[in-house]
Amino acid sequence: MKYYLIVGEASGDLHASNLMRALQHEDPQAEFRFFGGDLMKAVGGTCVKHYRELAYMGFIPVLLHLRTIFRNMDYCKKDVEAWQPNVLILVDYPGFNLKIAEYIKQHTRIPVYYYISPKIWAWKEYRIKNIKRDVDELFSILPFEVDFFKKHQYPVHYVGNPCVDAVDDFRKNGEETFSEFIAANGLENRPIIALLAGSRRQEIKDNLPDMIRAAASFPDYQLVLAGAPGISPEYYKEYVGNSDVKIIFNRTYPLLRHAEAALVTSGTATLETALFRVPQAVCYHTPIGKVIVFLKRHVLKVKYISLVNLIADREVVKELVADTMTVEQVRAELRRILYDGEYRRQMLSGYDYMASRLGEAGAPGRAAKEMVALLEKSFKK
């Protein structure tokens with residue numbers, strides 16, 4: 001069968017590539033065409049556009065690149081229509097993907113599947129109308145989404161979380177000692193505070209300077225920043241400056257394996273950090289802090305912003321967001337994480353509970369099996 005996939009960022013590239021491998025296992029004749037990244041290219045098929053040509057975040061960057069965004073969207077619609085896949089698989093990236101789904105549903109008979117559903121439970125709940133109209137099957141990776149969509153009379157497939165698979169796979173590929181890790185990356189023989197400042201330029205700009213200032217207060221620890229794909233060392237240097245921070249690229253999982261603590265922006269990284277059992281503080285600053293505080297109180301539909309707390313349905317990790325994301329508060333939380341043994345123990349216990357709610361590894365395999373079965377069933381009708 002022919003599968004057309006669309007992703008818009010690095011995490012989507014990772015999860016889509018694992019799904020593609022699982023689809024190959026279920027369907028040895030699988031052909032792929034995609035808007036994706038290097039990991040998807042490594043699996044095989046035709047990469048129409050790299051996600052780096054699509055990824056714009058924030059009101060101003062989006063406004064400045066509207067023509068490019070619309071041009072890419074039009075090209076994508078026509079390319080899907082021309083290739084006539086057996087299924088279109090959308091991966092997260094709702095601003096772009098839901099527009100594609102709408103067009104494909106209106107102009108073709110190609111079934112639309114969504115893997116890693118849009119987070120409309122937090123924001124823009126009205127999009128449920130679009131999903132019910134334009135998406136044939138939705139594959140969820142967060143357990144609490146099942147009840148949310150059931151409330152809207154829209155059944156979904158919970159397949160588990162691919163981060164569990166990614167972390168498990170990494171751990172199976174051999175153990176690198178701390179000595180080997182620091183030697184390979186030019187680090188010092190001191191415990192590590194990991195800095196995960198997001199994958200987009202605006203997030204890095206807003207969060208990294210204060211994260212460094214807070215973490216620099218602990219001289220017994222070295223600060224190691226996880227470089228995001230698509231972000232140049234030169235861009236990081238604008239915000240790292242002369243501070244004693246080591247930047248390493250393409251080594252986030254090894255970094256988390258050996259870190260004593262982490263400062264993490266909201267997103268998938270908070271979940272990955274928890275799965276590696278690294279105590280963390282969630283840091284998310286924004287220049288419009290007061291607006292975010294208002295939205296959190298009156299508009300947002302969820303109590304938390306980190307996946308760790310959302311999945312556990314309680315506060316496992318401290319969220320320092322908007323007006324509470326200050327150097328002083330980050331420093332205080334980091335001090336508790338590093339030196340309060342009982343506080344660390346409680347956080348790790350919370351991680352265990354969160355992991356139990358996620359379920360076992362095997363998300364891409366379960367998703368692929370269900371997708372192929374649904375497609376084969378539709379062919380027999």
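The text that follows walks through the structure, step by step, so that each part is easy to find. (Residues numbered from 1 in each chain as written. Predicted model: local features only at pLDDT ≥ 70, side-chain atom pairs only at ≥ 80, totals over all residues. Heavy atoms only, no water.)

Topic: the nonpolar core
Side chains of nonpolar character tend, in soluble globular proteins, to be buried together. Let me state the cut-off plainly: The set of buried Ala, Val, Leu, Ile, Met, Phe, Trp, Tyr and Cys residues whose side-chain atoms join them within 4.5 Å is what this entry labels a nonpolar core. Exposed residues in this analysis have more than 50% of their type's maximum accessible area, buried residues have under 20%, and partly exposed residues fall in between, with area computed by a 1.4 Å probe over protein chains only. Residues count as neighbours in contact if any of their non-hydrogen atoms are within 4.5 Å of one another.
Ranked by size, the top nonpolar core spans 134 residues in total, and within it Tyr3, Leu5, Leu88, Ile89, Tyr115 and Leu195 carry the most contacts. Apart from residues no more than four positions distant in its own chain, Leu88 is found in contact with Tyr4, Ile6, Val80, Ile100, Ile104, Ile110, Pro111, Val112 and Tyr113.

Focus: the pairing of strand S12 (residues 280–284)
Note the following rule: By definition, any uninterrupted DSSP run of H or I lasting at least four residues is a helix, any uninterrupted run of E lasting at least two residues is a strand, and each is numbered from the N terminus. Throughout, right-handed denotes a crossover for which the path from the first strand over the helix to the second runs clockwise when the strands point away from the viewer. For two strands to count as paired, DSSP must find a minimum of two bridges between them.
For S12, the tally of buried residues reaches 4 of 5 residues, placing the bulk of the element in the interior. Remark: the strand S11 (residues 259–264)/helix H13 (residues 268–275)/S12 crossover connection has right-handed handedness. Bridge analysis of S12 against strand S13 (residues 318–321) gives 4 bridges, and the strand direction is parallel. Bridging across to S13, Ala281 finds its partner in Lys318.

Things to note about helix H11 (residues 233–240)
Rules: Taken from the helix axis, the directions to the C-beta atoms give the arc we talk about.
Along H11, the residues that are buried comprise Tyr235, Tyr236 and Val240. The buried residues of H11 occupy one face: seen down the axis, they fall within an arc of 135°. Across H11 from its buried face, at more than 90 degrees, point the exposed residues Glu234, Lys237 and Glu238. The inward-facing, buried residues of H11 abut helix H10 (201–215), strand S9 (222–227) and strand S10 (245–249). Phi turns positive, to about 60°, at Gly241, one or two residues after H11.

What about the pairing of strand S3 (residues 46–50)?
In terms of strand pairing, strand S2 (residues 31–36) meets S3 through 4 bridges, oriented parallel. Looking across to S3, one finds that Phe34 is bridged to Cys47. A crossover connection joins S2 to the parallel S3 through helix H2 (residues 38–43); in handedness this β-α-β unit is right-handed.

Focus on the pattern of salt bridges
Threshold: Counted as salt bridges are all cases of a side-chain nitrogen of Lys or Arg within 4 Å of a carboxyl oxygen of Asp or Glu.
Applying the stated criterion to the full structure yields 16 salt bridges. Lys151 serves as the salt-bridge partner of Glu125, at 3.3 Å between the closest nitrogen and oxygen. With Glu125 in the loop between strand S5 (112–115) and helix H6 (128–134) and Lys151 in helix H7 (residues 145–151), the pair connects residues that are 26 residues apart, well separated along the chain. Exposure remark for Glu125: the relative accessible area of 19% places this residue in the buried category. Connected through shared salt-bridge partners, Glu102, Arg133 and Asp134 make up one network.

Remarks on unusual backbone geometry
At Tyr93, a residue that is not glycine, the phi angle is positive and equals roughly 50°. Its place among the elements puts Tyr93 in the loop between strand S4 (87–91) and helix H5 (94–107). At Gln153, a residue that is not glycine, the phi angle is positive and equals roughly 55°. On the secondary structure map, Gln153 appears in the loop between H7 and strand S7 (157–158).

Brief notes about the side chain of Asp165
Among the structural elements, Asp165 can be located in helix H8 (residues 162–172). Aside from chain neighbours lying at most four places away, what touches Asp165 is Ala361, Gly362, Ala363 and Pro364.

Focus on the packing of aromatic side chains
How two aromatic rings sit relative to each other is set out by the distance from centre to centre and by the angle between their planes. So the rule is basically this: Whether two aromatic rings pair depends on their centres lying within 6.5 Å, for rings of Phe, Tyr and Trp, where Trp uses its six-membered ring; planes under 30 degrees apart make the pair stacked, over 60 edge-to-face, and the rest tilted. Only lysine NZ and arginine CZ atoms are considered, and such an atom sits over a ring when it is within 6 Å of the ring centre and within 35 degrees of the ring normal.
Per the counting criterion, the structure on display carries 14 aromatic pairs. Here a set of aromatic residues connected by ring pairs shows up, and it is made of Phe35, Tyr93 and Phe96. The ring of Tyr75 has Lys49 sitting right over it, with the charged end atom 5.4 Å from the ring centre. A cation over a ring is seen here: Arg201 above Tyr235, with NZ or CZ 4.5 Å from the ring centre.

Considering the environment of Arg213
Within the fold, Arg213 resides in helix H10. On the basis of relative accessibility, which here comes to 48%, the residue Arg213 falls in the partly exposed class. For the pair formed by Arg213 and Arg331, sequence separation is 118 residues and the distance between their alpha carbons is 8.4 Å. Beyond its immediate chain neighbours, meaning those up to four positions away, Arg213 contacts Val327 and Arg331.

Examining the state of the cysteines
Note on terminology: a disulfide is the covalent bond linking the sulfur atoms of two cysteines. Heads up, the rule is: Note on terminology: disulfide denotes any pair of cysteine sulfur atoms within 2.5 Å.
Per the stated rule, a full pass over the model turns up 0 disulfides. Summary of cysteine pairing: Cys163 is not part of a disulfide, and the nearest cysteine sulfur, belonging to Cys283, is at 19 Å. Judged by relative accessible area, which is 0%, Cys283 ranks as buried.

Some words on the packing of H10 against H11
Rules: Axes here mean lines fitted to C-alpha atoms, for a helix over just the part in contact, with angles spanning 0 to 180 degrees between N-to-C directions. Oblique is the label for any angle not covered by the other classes, which are roughly parallel (under 35 degrees), roughly antiparallel (over 145) and roughly perpendicular (65 to 115). Crossing handedness: left-handed means the near helix sits turned counterclockwise from the far one by under a right angle, and right-handed means the same turn made clockwise. Each residue gets one label: Ala, Val, Leu, Ile, Met, Phe, Trp, Tyr, Cys and Pro are nonpolar, Asp, Glu, Lys and Arg are charged, and the others, such as Gly, are polar.
Where H10 contacts H11, the two axes come as close as 9 Å, and the packing angle between them is 40°. Classified by the interaxial angle, the pair formed by H10 and H11 is oblique. Every pair of crossing elements has a handedness; the one defined by H10 and H11 is right-handed. Contacts between H10 and H11 involve Arg201, Ile204, Lys205, Leu208, Pro209 and Ile212 on the former and, on the latter, Tyr235, Tyr236, Tyr239 and Val240. Partitioning the contact of H10 with H11 into residue classes produces 8 nonpolar, no polar and 2 charged.

What about the sheet that holds strand S8 (residues 192–196)?
What links the strands of a sheet is backbone hydrogen bonding, and the strands pair in either a parallel or an antiparallel sense. Strand order in the open sheet formed by 6 strands is S10-S9-S8-S11-S12-S13, with parallel pairing between adjacent strands. Every other strand in the sheet has two partners, leaving S10 and S13 as the edge strands with one partner each. In this sheet, adjacent strand axes meet at a mean angle of 25° when their direction is disregarded. Looking at chain direction, S8 and S11 are connected through 5 bridges and run parallel. Across the sheet, the residue bridging to Leu196 is Val264, located in S11. H11 contacts S9 and S10 of the sheet and is inclined by roughly 160° relative to S10. Here helix H16 (residues 327–339) sits on the sheet and contacts S8, S11, S12 and S13; the angle it forms with S11, its principal contact strand, is near 155°.

By themselves, these figures tell us nothing about what the structure is for.
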